[in-house]
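Survey of secondary and tertiary structure
Okay, here's what each chain looks like letter by letter:
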Amino acid sequence: MSFVEIWHLIIGNPILNVLIVLSHVLFGRFGLAIIALTIIVRLVSWPLNRRQLKSTKAMQDMQPKLQELQKKYGKNKQKLQQEMMKLYKEAGVNPLGCLWPMLIQFPIWIALYQAIMNALATTPEHLLNLARHLYSWEMVSQAIPLSSQFLGLDLGQTALQAGALGLLLAIIVGGTMWVQQKMTTAPSVDPRQESTQRMTTLMMPLMFGFFTLMFPSGLALYWAVSNIIGIVTQYFVTGGWGYLKFRSPFGQR
Amino acid sequence: MKNAKIIYLIVISLFTLLLASCIPGSAQPIGGWAGTTVHDNTIYVGSRDGRVMAINASSEEMQWSYHVTEPSGGMGCGPAVVSAAITTPIVDGDFVYIGTYSGKVLALNTTARSQNPYLPEEPQDRYHEWETPIGTDARNNAIVADLVINDDVIYVSSSDGRVYSLRKDFGDQVKKSGILDEKHSKLWTSPVIEDDTLYVSTFDGHIYALSAETLELLEWSFKLEAGFASSPVICEDTDTMFLGSFDRHLYAVKIGSDVLEWRFPEEPAGNWFWASPVVNEGIVYAGCLDGTLYAIDAQTREKLWEFESKDQRGKPSSIVSPPVLIDNLLIAANEAGNVYVIDPETGEGERIKNRENGDKSTINDQIRASFCAHEGLVYIRGEHNRLYVVDIDKRKVSWDFSLSIEE
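Think of each chain on its own: its residues are numbered from 1, step by step along the sequence as written. Chain letters and ligand numbers both follow the written order, the letters beginning at A and the numbers at 1. Reporting of local features is limited, given that this is a predicted model, to residues whose pLDDT is at least 70; pairs of side-chain atoms are given and counted only at 80 or more, and all residues count toward the totals for whole chains, interfaces and linings.

1. Examining the overall build of chain A
Cut-off, in case you're wondering: Numbering of helices and strands starts at the N terminus; helices are DSSP runs of H or I of at least 4 residues and strands are runs of E of at least 2. Contact between two residues is assigned when their C-beta atoms, built from the backbone, lie within 7 Å.
The helix and strand inventory of chain A stands at twelve helices and two strands. Along the chain direction, N to C, the helices and strands of chain A fall in the order α-α-α-α-α-α-α-α-β-β-α-α-α-α. Sequence-distant contacts, at least 24 apart, represent 77% of the contacts inside chain A between residues at least 6 apart.

2. As for the sheet that holds strand β8 (residues 95-99) of chain B
Residue and element names in this part refer to chain B. Heads up, the rule is: Strand pairing follows a simple DSSP-based rule, namely that at least 2 bridges must link the two strands. Where helices are involved, their axes are fitted lines through C-alpha atoms of the stretch in contact, as for all axes, and angles between N-to-C directions lie from 0 to 180°.
Read from one edge of the open sheet, four strands run β7-β8-β9-β10, paired in antiparallel fashion. Every interior strand has two partners, whereas the edge strands, β7 (90-92) and β10 (130-133), have only one. Strand-to-strand twist across the sheet, computed as the mean angle between neighbouring axes with direction ignored, equals 20°. Where β7 lies against β8, three bridges are found, and the strand directions are antiparallel. Residue pairing across strands places Ile90 opposite Tyr97, the latter belonging to β8.

3. Re the confidence of the model for chain B
Residue and element names in this part refer to chain B. Test applied: Residue-level confidence of the predictor is summarised by pLDDT, bounded by 0 at the bottom and 100 at the top.
Per-residue confidence for chain B averages 89 on the pLDDT scale, and 88% of its residues sit at or above 70. By mean pLDDT, the top-scoring element of chain B is strand β25 (residues 292-297) (98), and the lowest-scoring one is strand β6 (residues 82-83) (53). Under a pLDDT of 50 for its full length, residues 21-28 has, in the predicted model, 15 contacts with residues more than four places off or in other chains. Taken as a whole, residues 72-81 scores under 50 in pLDDT and shows 35 contacts with residues more than four places along the chain or in a different chain. Note on the complex model: pTM 0.84, ipTM 0.87.

4. Quick word on the nonpolar core
Cut-off, in case you're wondering: The nonpolar core criterion groups buried Ala, Val, Leu, Ile, Met, Phe, Trp, Tyr and Cys residues into a set whenever they are joined through C-beta atoms within 7 Å. Residues are called buried when their C-beta atom has 20 or more other C-beta atoms within 10 Å, exposed when it has 12 or fewer, and partly exposed otherwise; all C-beta atoms are positioned from the backbone.
If you look at the biggest cluster of nonpolar residues, it comprises 156 residues, and the most contacted ones within it are A:Ile116, B:Val156 and B:Val163. Counting residues per element, this core draws most heavily on helix α6 (residues 100-120) of chain A, at eight residues.

5. What to know about helix α5 (residues 77-91) of chain A
Which entries qualify depends on this criterion: For a helix, the expected span equals 1.5 Å multiplied by the residue count minus one.
Relative to the 21 Å expected for 15 residues at 1.5 Å per residue, α5(A) spans 21 Å between its end C-alpha atoms, a close match to the ideal helical length. A positive phi of about 70° marks A:Gly92, the residue just after α5(A).

6. Section: the packing of helix α2 (residues 30-44) of chain A against helix α12 (residues 217-238) of chain A
All names here are of chain A. Our working rule: Roughly parallel means an angle under 35 degrees; roughly antiparallel, over 145; roughly perpendicular, 65 to 115; everything else is oblique. Crossings are assigned a handedness: left-handed for a near helix turned anticlockwise from the far helix by less than a right angle, right-handed for a clockwise turn.
For the pair α2 and α12, interaxial distance at closest approach is 9 Å and the crossing angle is 40°. In terms of orientation, α2 and α12 fall into the oblique class. Crossing of α2 over α12 shows right-handed handedness. In this structure, α2 contributes Phe30, Gly31, Ile34, Ile35, Thr38, Ile39 and Arg42 to the contact, and α12 contributes Gly218, Leu221, Tyr222, Val225, Ser226 and Ile229.

7. Let's talk about the pairing of β10(B)
Residues and elements named next belong to chain B. A one-sided burial pattern is seen for β10, the buried positions being Trp130 and Thr132 and the unburied ones Glu131 and Pro133. Sheet topology note: the strand β9 (residues 104-109)/β10 ladder contains four bridges and is antiparallel. The residue bridging Val105 from the neighbouring strand is Thr132, located in β10.

8. Quick look at helix α1 (residues 3-25) of chain A
All names here are of chain A. Applicable threshold: A residue's bend is given by the angle between axes fitted to the 7 residues ending at it and the 7 residues starting at it.
For α1, which comprises 23 residues, the first-to-last C-alpha distance of 32 Å matches the rise-based estimate of 33 Å (1.5 Å per residue) to within 8%. The largest bend along α1 reaches roughly 50° and is located at Leu9. Among all positions in α1, only Gly12, Ile15, Leu16, Asn17, Leu19, Ile20, Leu22, Ser23 and His24 are buried.

9. Focus: the sheet that holds strand β14 (residues 173-176) of chain B
All names here are of chain B. The strand order across the open sheet built from four strands is β11-β12-β13-β14, with neighbouring strands paired in antiparallel fashion. The two strands at the open ends of the sheet, each matched to only one other strand, are β11 (148-150) and β14. With strand direction ignored, the average angle separating the axes of adjacent strands in the sheet is 25°. Here β11 runs beside strand β12 (residues 153-157); their pairing, made up of three bridges, is antiparallel. Bridge assignment links Asn150 to a residue of β12, and that residue is Val153.

10. Describing unusual backbone geometry
In this structure, the amide linkage connecting A:Ile144 to the following residue, A:Pro145, adopts the cis form with an omega of -10°. Locating A:Pro145 in the fold gives a position in the loop between α8 (138-143) and β1 (149-150). Put simply, B:Phe264 and B:Pro265 share a cis peptide bond, and its omega is -10°. On the secondary structure map, B:Pro265 appears in the loop between β22 (260-264) and β23 (278-280).

This is the structure:
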């Protein structure tokens, strides 16, 4: 069995078929199915998410101490790094703690993404390809092919083709991604790192806003919902807007 | 923190790669599965890179080709990259007709183009060629299903969910139907015509009857819970149509009746009946994507026999193309590239072997397009953009021809 076959057997096909069943249960609305499945996946991956959020919160709480270290050892980079690592160790925080859960969740996001693209079957070739991945469940049979219409959008078309509604979707995707990133990205005590972070925080939402225009709207809907869920959980777990309101001392110079 | 940056970059790179590559095949051009047609010793075929090609069946040389490909917007993961000739060419008189993925119907003069292969790749008025965009937004009205010609009219199923009728001589639109599938807003199945009535199956599980003249809905229609995967085929003797559904059954529906005639098999098959079945002398021959070809009594639904097609590893391989009958033999092909000669009475079959490729399969290519048979030869277009001619009597691949042309 090849890696691709194992991938579809264990992750890809279950997610795809659940998505189609959800579409059937939710009045044939594929858009609702995408929203529901995004929520389900978020719930399933909650233990990992919680760990990630806790790590973020811990980093957030450590900011005043990190700033103190910056003031104290600002000119000695090596010493600053040593002291920072010492501080992380004492607090029991792994600065990479918020990244590993993200990496572990990555296969799930890929499968979800593939499921949406497969289920939409925007071309005849994709529709034929879909036949290979479906279970023989009656609900799946009755739901196929899916209707791609949702809230005036054709989820199989690019947002660019959808006109004003598509543009709005791109703004929502980019905006929510920016908010989520601002909430979770701890400001760096290093001015150079701070500059890189700022660039990344701006570039990622812009990139995804651009992707939204170029990719089927179904995928953009998934990004938007995923971001909104991320913002809400982040807000309640960390007890606020996180770094969104935080102003870096280096930004005031 | 250096490690953090590296991981972050890895995450971003992976995601960008994922977006760039998408799912397998999505970044590829829409190649379609235009089949083959033989007329007056000429093979007409739509290539995967968007050409209509005419090949001399005797000299095995190309007579002319016409490039219909044009960009249709969207990036790698968008709905369509390149619009190819996706319908099987239909020859009528001096013209070959084809529908394109960019929502156009083309009529090309076969005589003029044979005599002058260097005619420009645009319709020539002086030879009465034409090109008609379908609907108000042709680019989004991909023509996926084969065209149907009846007398002076061409019927076109469009991805806007309507059927259009065009004048065969000038290509003018005569009529258009209402949207037949509101839910999916697309028609990817061909209509079938009988006695001035057009029958259309839809993805939302309807069979509609339309007036061939006005394209208005007639009183009779039929509704199924699941959607129809294949175009209907009508048995004129019994006024019954046969078609496959996404619920893994083949259905027999009596025209004019609200009651289902039968469905086959009792329990769902291994996959969809994607290809249209063939009906001959009261027997329905239906290929399934689970790799099995079934022979069913059209009246009683009794299974007469089944034939399982295999790939090179001995596993079942999907039957995507409809089978054809030739000289009282049934020819079936599977996606793995195997071609079978089957006795339609007993279901006993023989795979055509090919020593030239180590007998891995009949042809070293995938078969998805519909194929045609003529005078003991079967003309198959492979998914690797190659035409194969299989001699049924000699049970071998007679010759093959590359459909790729370097610009």
